[in-house]
Amino acid sequence: MSRRRSQEGFGLLETVVVAVLVVILLTMGMSSWRGHVAQQRLRYGAAQVASDLRLAHERAKAERTPYTVSFSASSGSYAIARTSGGFLENAMLPDGVTVAETLVITFSAFGAPGAECTLTVGNAAGTATVTVSEAGGVIYQEN
């Protein structure tokens, strides 16, 4: 007489093994996801700073008045202001993105910053630089 194995479903051991594998895969996926989110925040932060510098450059030319963009080291915020007063915008960088150094960029009434300058923004994913040329052109790149 032969014994037949019962067809009752999964045993406790199989269920535990599958649960452990699912937890391992989710953990690996979450760490990868966090890295991706940090990378995207860094890219967005650099693009945002470049865009706001271009805005200050264009406003200075259009209104024929100097504009200043002020960054504070290790801060996630910066200010855009008309030097003569009347306009002030406080901008916030994405969560976790900060500026590496204190820097004030002033665009003259004709849009020129006076000298080329480079600003570094960073987070856990790395750093990116935003460069303003002597003519007022703005470019950004991830390092």
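Just above, that's the structure.
Right, let's walk through the structure included here. (Residues numbered from 1 in each chain as written. Predicted model: local features only at pLDDT ≥ 70, side-chain atom pairs only at ≥ 80, totals over all residues. Heavy atoms only, no water.)

1. Let's talk about the overall build of the protein chain
Then step 1. Counting its regular elements, the protein chain contains one helix and eight strands.
Then step 2. Its C-alpha atoms give the protein chain a radius of gyration of 26 Å, more than 25% over the compact-globule value 15 Å for 143 residues.
Then step 3. Dimensions of the protein chain, computed from the C-alpha atoms along their principal axes, are close to 100 × 30 × 25 Å.
Then step 4. Sorting the 143 residues of the protein chain into buried and exposed places 32% on the buried side.
Then step 5. Sequence-distant contacts in the protein chain: of pairs separated by 6 or more residues, those separated by 24 or more amount to 50%.
Then step 6. When the accessible surface of the protein chain is totalled, it reaches about 9100 Å², and 58% of it is carbon and sulfur.
Then step 7. For the protein chain, the separation between the mean place of its 11 positive charges and that of its 11 negative charges on side chains is 11 Å. (Helix = DSSP H or I, 4+ residues; strand = E, 2+ residues; numbered from the N terminus. Rg over C-alpha atoms; globule rule 2.2 N^0.38 Å. Buried < 20%, exposed > 50% of the residue type's maximum accessible area, 1.4 Å probe, protein only. Contact = heavy atoms within 4.5 Å. Areas by Shrake-Rupley, 256 points an atom, 1.4 Å probe, with all protein chains shown as cover. Lys, Arg positive; Asp, Glu negative; His and termini not counted. Charge placed at Lys NZ, Arg CZ, Asp CG, Glu CD.)

2. A few points about a nonpolar patch on the surface
Then step 1. On the surface, Leu12, Leu13, Val16, Val17, Val20, Leu21, Ile24, Leu25 and Met28 cluster together to form a nonpolar patch covering roughly 910 Å² of accessible area.
Then step 2. Within the secondary structure, leucine 21 is located in helix α1 (residues 12-63). (Patch = residues over 30% accessible without salt bridge, like charges linked within 9 Å, V, L, I, M, F, W, Y side chains within 5 Å. Salt bridge = Lys/Arg side-chain N within 4 Å of Asp/Glu carboxyl O.)

3. Points about the pairing of strand β3 (residues 88-92)
If a strand is regular, its side chains alternate between the two faces of the sheet.
Then step 1. With five bridges joining them, strand β2 (residues 77-82) and β3 adopt antiparallel strand pairing. Note that in β3 the partner of alanine 81 across the bridge is leucine 88.
Then step 2. In this antiparallel pair of consecutive strands, β2 and β3, the connection spans five residues, and glycine 85 shows a positive phi of 95°. (Pairing = 2+ DSSP bridges.)

4. What to know about the pattern of salt bridges
Then step 1. Summed over all chains, the structure comprises three salt bridges.
Then step 2. Measuring nitrogen to oxygen at the nearest pair gives 2.9 Å for the salt bridge that ties glutamate 142 to arginine 43. A residue pair is termed long-range when its members are at least 10 positions apart, and glutamate 142 in strand β8 (residues 138-142) and arginine 43 in helix α1 qualify at 99 residues.
Then step 3. A residue is classified by how much of its surface remains accessible, and glutamate 142, at 34% relative accessible area, is partly exposed.
Then step 4. A salt bridge links glutamate 63 to arginine 82; the shortest N-O distance between them is 3.1 Å. Of the two residues, glutamate 63 sits in helix α1 while arginine 82 sits in strand β2, which places them 19 residues apart along the sequence.
Then step 5. The exposure class of glutamate 63 is partly exposed, given its relative accessible area of 36%.

5. Comments concerning unusual backbone geometry
Then step 1. Phi at arginine 64 takes a positive value of approximately 55°, unusual for a residue other than glycine.
Then step 2. Classification of arginine 64 by relative accessible area gives exposed; the value is 52%.

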